[in-house]
Number of protein chains: 2
Amino acid sequence: MANSNEEVENKQIVLRDYVSGFPKETDMVPSKTTLKLKVPEGSKAVVLKNLYLSCDPYMRSRMNKSDGSSYIHSFTPGSPLVGYGVSKVVDSGHPDFKNGDYVWGMTGWEDYSLIDENPDSLIKIKYTDVPLSYYTGILGMPGVTAYFGFYEICSPKKGEYVFISAASGAVGQLVGQFAKLLGCYVVGSAGSKEKVDLLKNKFGFDEAFNYKEEPDLNAALKRHVSYLYFPEGIDIYFENVGGKMLDAVLLNMRNHGRIATCGMISQYNLEKPEGVHNLFLVVTKRIRMQGFVAFDYYHMYPKFLEFTRQHILENKIVYVEDVAEGLESAPAALVGLFAGRNVGKQVVVVARE
Amino acid sequence: MANSNEEVENKQIVLRDYVSGFPKETDMVPSKTTLKLKVPEGSKAVVLKNLYLSCDPYMRSRMNKSDGSSYIHSFTPGSPLVGYGVSKVVDSGHPDFKNGDYVWGMTGWEDYSLIDENPDSLIKIKYTDVPLSYYTGILGMPGVTAYFGFYEICSPKKGEYVFISAASGAVGQLVGQFAKLLGCYVVGSAGSKEKVDLLKNKFGFDEAFNYKEEPDLNAALKRHVSYLYFPEGIDIYFENVGGKMLDAVLLNMRNHGRIATCGMISQYNLEKPEGVHNLFLVVTKRIRMQGFVAFDYYHMYPKFLEFTRQHILENKIVYVEDVAEGLESAPAALVGLFAGRNVGKQVVVVARE
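Computed from a predicted model, the values in this text were never measured in an experiment.

Rules used in this analysis
Residues numbered from 1 in each chain as written. Chains lettered and ligands numbered in written order. Predicted model: local features only at pLDDT ≥ 70, side-chain atom pairs only at ≥ 80, totals over all residues. Heavy atoms only, no water. Contact = heavy atoms within 4.5 Å. Buried area = accessible area lost by both parts, 1.4 Å probe. Salt bridge = Lys/Arg side-chain N within 4 Å of Asp/Glu carboxyl O. Polar contact = N/O pair within 3.5 Å; in protein donor to acceptor, adjacent residues only side chain to side chain. Pairing = 2+ DSSP bridges. Helix = DSSP H or I, 4+ residues; strand = E, 2+ residues; numbered from the N terminus. Axes fitted to C-alpha atoms, helices over the stretch in contact; angles between N-to-C directions. Buried < 20%, exposed > 50% of the residue type's maximum accessible area, 1.4 Å probe, protein only. Disulfide = S-S within 2.5 Å. Domains from an automatic or database assignment. Arc of directions from axis to C-beta. Parallel < 35°, antiparallel > 145°, perpendicular 65-115°, else oblique. Left-handed = near helix turned anticlockwise from the far one by under 90°. Nonpolar A, V, L, I, M, F, W, Y, C, P; charged D, E, K, R; others polar. Least-squares fit on C-alpha atoms with pLDDT ≥ 70 in both. Phe/Tyr/Trp six-rings, centres within 6.5 Å; stacked < 30°, edge-to-face > 60°. Lys NZ or Arg CZ within 6 Å of the ring centre and 35° of its normal.

Colleague: Just checking my understanding: could you explain the interface of chain B and chain A for this structure?
Modeller: The interface of chain B with chain A comprises 29 residues on the first partner and 29 residues on the second. Across the interface of chain B and chain A, roughly 2600 Å² is buried in total on both sides, 67% from carbon and sulfur atoms. Our count for the chain B to chain A interface comes out at two salt bridges. There are ten residue pairs in polar contact (both at pLDDT 80 or more) connecting chain B and chain A.

Colleague: How do you make sense of the sheet that holds strand E11 (residues 234-239) of chain A when you look at a structure like this?
Modeller: Through backbone hydrogen bonds, the strands of a sheet pair up, either in parallel or in antiparallel fashion. Ordered in space as E10(A)-E9(A)-E8(A)-E11(A)-E12(A)-E13(A)-E13(B)-E12(B)-E11(B)-E8(B)-E9(B)-E10(B), the twelve strands form an open sheet in which the pairing is mixed. With partners counted over all chains shown, the strands left at the sheet margins are strand E10 (207-210) of chain A together with strand E10 (207-210) of chain B, one partner each. Direction aside, neighbouring strands of the sheet carry axes that sit 15° apart on average. Bridge count between strand E8 (residues 161-164) of chain A and strand E9 (residues 185-190) of chain A: four bridges; the pairing is parallel.

Colleague: Just to check I follow, could you spell out the pattern of salt bridges for this structure?
Modeller: Between side chains of opposite charge, pairing is possible as soon as their charged atoms come close. Within the structure shown, the criterion is met by 44 salt bridges over all chains. In this structure, the salt-bridge partner of Arg286 of chain A is Asp296 of chain B, at a minimum N-O distance of 2.8 Å. Separated into two different chains, Arg286 of chain A in the loop between helix H7 (280-284) and strand E13 (288-291) and Asp296 of chain B in the loop between strand E13 (288-291) and helix H8 (301-313) make up a pair that spans both. Residue classification places Arg286 of chain A among the buried positions, given a relative accessible area of 11%.

Colleague: Got a minute to help me understand the state of the cysteines in this structure?
Modeller: Formally, a disulfide is one covalent bond, and it connects the sulfur atom of one cysteine to the sulfur atom of another. All names here are of chain A. For the coordinates displayed, the defined rule picks out zero disulfides over all chains. Considering cysteine sulfurs only, Cys154 is the nearest to Cys262, which forms no disulfide, with 9.5 Å between them. On the basis of relative accessible area, Cys262 is assigned to the buried category, the value being 16%.

Colleague: I'm lost on the domain arrangement of chain A in this one. Help?
Modeller: Interface size is commonly expressed as the accessible surface area that is lost when the partners come together. Residue and element names in this part refer to chain A. Domain boundaries in chain A define domain 1 (7-137 + 320-349) and domain 2 (141-295). Domain 1 and domain 2 are separated by 29 Å when their C-alpha centres are compared. In this assembly, 22 residues from domain 1 lie in contact with 18 residues from domain 2. Where domain 1 abuts domain 2, roughly 1600 Å² becomes buried across the two surfaces, and 63% of that area is made up of carbon and sulfur atoms. Taken as a group, Gly137, Val320 and Val343 account for 29% of the area that domain 1 buries against domain 2, more than any other trio of residues on that side. Taken together, the connections running from domain 1 to domain 2 amount to zero salt bridges. Connecting domain 1 to domain 2 are five residue pairs in polar contact (both at pLDDT 80 or more). If you tally residues by element for the side of domain 1 that touches domain 2, the top one is helix H9 (residues 330-339), at three residues.

Colleague: Before we go on, may I ask you to explain helix H2 (residues 141-153) of chain A in this structure?
Modeller: Think of an α-helix as turning once every 3.6 residues; residues three or four places apart then point the same way. All names here are of chain A. Counting buried residues along H2, eleven of its 13 residues qualify, which places the element largely inside the surrounding structure. Those residues of H2 that sit buried are Met141, Pro142, Gly143, Val144, Thr145, Ala146, Tyr147, Phe148, Gly149, Phe150 and Ile153. With its phi angle positive at about 45°, Ser155 sits one or two positions after the end of H2.

Colleague: So what exactly am I meant to see when it comes to the pairing of strand E5 (residues 102-108) of chain B here?
Modeller: Within a regular beta strand, the side chains point alternately toward one face of the sheet and then the other, so they alternate between its two faces. All names here are of chain B. Counting buried residues in E5 gives six out of seven residues, a clear majority hidden from the surface. Where strand E4 (residues 82-92) meets E5, seven bridges bridge the pair, whose relative direction is antiparallel. By the bridge assignment, Gly83 is partnered in E5 with Thr107. Across two bridges, E5 lies against strand E7 (residues 123-124) in antiparallel orientation. Bridge assignment links Val103 to a residue of E7, and that residue is Lys124.

Colleague: When you look at helix H4 (residues 193-201) of chain A in this model, what are you seeing that I'm missing?
Modeller: All names here are of chain A. By the burial criterion, the buried members of H4 are Lys195, Val196, Leu198 and Leu199. Across the axial projection of H4, the buried residues extend over an arc of 155°, all falling on one side. When the buried face of H4 is taken as reference, the exposed residues oriented beyond 90 degrees from it are Lys193, Glu194 and Asn201. Summarising the contacts, the buried residues of H4 are in contact with E9 and E10.

Colleague: Help me out: how do you make sense of the packing of H2 of chain A against helix H3 (residues 172-182) of chain A in this one?
Modeller: Between two packed helices, both the angle of their axes relative to each other and the distance between the axes serve to describe the pair. All names here are of chain A. Put simply, H2 and H3 touch, their axes get as near as 9 Å, and they point 40° apart. Taken as axis vectors, H2 and H3 run oblique relative to one another. Taken as a pair, H2 and H3 cross one another with a handedness that is right-handed. Across the interface between the two elements, Pro142, Gly143, Ala146, Tyr147, Phe150 and Tyr151 of H2 pack against Leu174, Val175, Phe178, Ala179 and Leu182 of H3. For the contact of H2 with H3, the per-class residue count stands at ten nonpolar, one polar and no charged.

Colleague: Is there a simple way to think about the environment of Glu328 of chain B in this case?
Modeller: Residues and elements named next belong to chain B. Mapped onto the elements, Glu328 comes out in the loop between strand E14 (321-325) and helix H9 (330-339). The exposed category is assigned to Glu328, whose relative accessible area is 57%. Considered as a pair, Glu328 and Ile259 are 69 residues apart in the sequence and their alpha carbons are 38 Å apart.

Colleague: Just checking my understanding: could you explain the relation of the copies chain B and chain A for this structure?
Modeller: Rotating chain B by 180° and translating it 0.0 Å along the rotation axis places it on chain A, where the RMSD comes to 0.0 Å. In short, the pair behaves as if placed about a two-fold rotation axis. The rotation axis passes nearest to the C-alpha of Gly275 of chain B in chain B, at a distance of 1.8 Å. Interface residue correspondence from chain B to chain A reaches 100%, placing this contact among same-surface, isologous pairings.

Colleague: How should I be thinking about the packing of aromatic side chains in this particular structure?
Modeller: To describe a pair of aromatic rings, one takes the distance between the centres and the angle between the planes. All names here are of chain A. Counted under the stated rule, the structure contains 42 aromatic pairs over all chains. Ring geometry for Phe163 and Tyr237: centres 5.5 Å apart, planes at 20°, overall stacked. Remark: Tyr237 occurs in strand E11 and Phe163 occurs in strand E8; sequence separation between them is 74 residues. One exposure class covers both Phe163 and Tyr237, and it is buried. The cationic tip of Arg309 hangs over the ring face of Tyr127; the distance from NZ or CZ to the ring centre is 3.6 Å.

Colleague: Would you explain the environment of Gly263 of chain A in this entry?
Modeller: Relative to the assigned elements, Gly263 of chain A resides in the loop between strand E12 (253-261) and H7. Residue class for Gly263 of chain A comes out buried when judged on its relative accessible area of 7%. Sequence separation between Gly263 of chain A and Thr107 of chain A is 156 residues, and the spatial gap between their C-alpha atoms is 22 Å. Dropping the residues within four chain positions of it, Gly263 of chain A is found in contact with Glu239, Asn240, Val241, Gly242 and Tyr268 of chain A together with Phe280 and Val283 of chain B.

Colleague: Could you clarify how one ought to interpret the side chain of Gln267 of chain B in this entry?
Modeller: Residue and element names in this part refer to chain B. The topology assignment puts Gln267 in the loop between strand E12 (253-261) and helix H7 (280-284). Here the side chain of Gln267 touches Glu274 through a polar contact of 2.7 Å, landing on its backbone nitrogen. Excluding residues within four positions of it along the chain, Gln267 makes contact with Val241, Gly242, Gly243, Pro273 and Glu274.

Here it is, written out as structure tokens:
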């Protein structure tokens, strides 16, 4: 590591300009600057060496020019992207963090980041007996999303019928495994044969299908879900996709079903979101459709962490990551999410230590 | 009354054929038959003299040819329509009902009905110190819908901001008054100046607007609801309308808001329902959208009845009915619901006693 009084070269991935439609790799450009690896005198800031960066679908909305209505701020064109990551503290003016600590939380898409706004939001990593990259996924925001989304929002009961879209992704693969742990029947959809195989053979889903091979999603659900495995329909839908999939699922929901509305990745790159036409079924089937976001649950992170880590250590939960090597691979990795190129949780390794 | 061993003339309103699009008066035809005012020997049936018939939006779906997916059966072309009504028992083989009892529940659109299927579902009217017609509205299905929809589904708290569409209708006028009783701020939308005046001057809404005069519902909500009265947005939306109104409301909901999805009258006559485009806001605003139907709550009817009757007797709740005279006026009354011609709960008087 460089002497902390010197400035070091700091590679970055910078947002070129606001994006409309599908993001392209060229919307993000490599850049270089320098950074002093020391916090300003008297500040509570920390300087981080970034190890793993997380590519998450919600980041797409931060590439839009804000109209003031979004739940998170837009990125600043000309500045590095910001996202969840796992980092090592290399200097700290904050009483909770010291040099050498590992943390996860919001950091920059760059080698080193000075976190001077809201360093309190960083979470110190207590356990390093699991891969550090897991704190971008199974033990980070996607894990919190899956855990509280399933256990709190879905009100699941043993024996119920669960359908998950984008099921091999960072969140879906966990929801399916939580549901199996509870004794539910689980069907998932994903976008390739490889992913469908993962769902069935690695994550223990009861059934899975490739939605890209299904011209009629309602028929696919009837075939794969309602008639074969879930004769009375779907009790719980964990919604990551939106649009046509939601319309098809509504047709196949059971009375008093629950829809945990986690995300709608099929809609993020559209100028105008698709219309959902079957909402009247929410009345007739007495469906509860509930949106949620992970950060409402961070105060319960320790409970989630103990449960999930224990299950990882006992090999009762597995996690598949799609690891891109090097900061320079980050734009392609992020763009790949929206084409479904990632298999499992998309991580970018900036440095291994 | 005729001697019960004789057959009496029985006027009926018969469904001509299944309906597509907006129903017309001519989809229902007056007819005549005869009925013996005596239940078959040994049966548990009852014979009813119908006094008041209820026109309700849900009846539209019973005019469709069933595709097996609806929550209620279709009407039978060539047979009288069936709906909620208030009736007097003129003969009974059922131990719970005797001649002269008043009941409310499902009956035929005719002078007299033989109820031989499921007479158990009729509810005996305990209190006649309120208008009997109220058992088609404030003390019947719409009342149960408003009461449990508001108190159970909306999870309301004093001081919250409530918006109600179709607010002067059979259900909406009650939801608004329940919300005011609890200390909420209440805004409603309706389709005429007369109805808006009712909302403000008779039902005690804090504000109301005529949606037919608003080319941009989002702007109307911002003006009438969000900025003026509900600066932080809508906590509770009681949804009777669907479609464009739902899309506009989603834009104006507050974080952690609740949408009680009661009905979607704007959609019932469309070949394909309108698409709702703003559902991603369910995620970002952590909205709970929950469908419900009154008949899931009938086992709690006595609790509702005591509360609501007491408030009627104390003049703390008022109820506006739109009364059509005579069975022959029923088709126009029902059709009028979908043009918003009714002012308040639409009732048809078949006979006053």
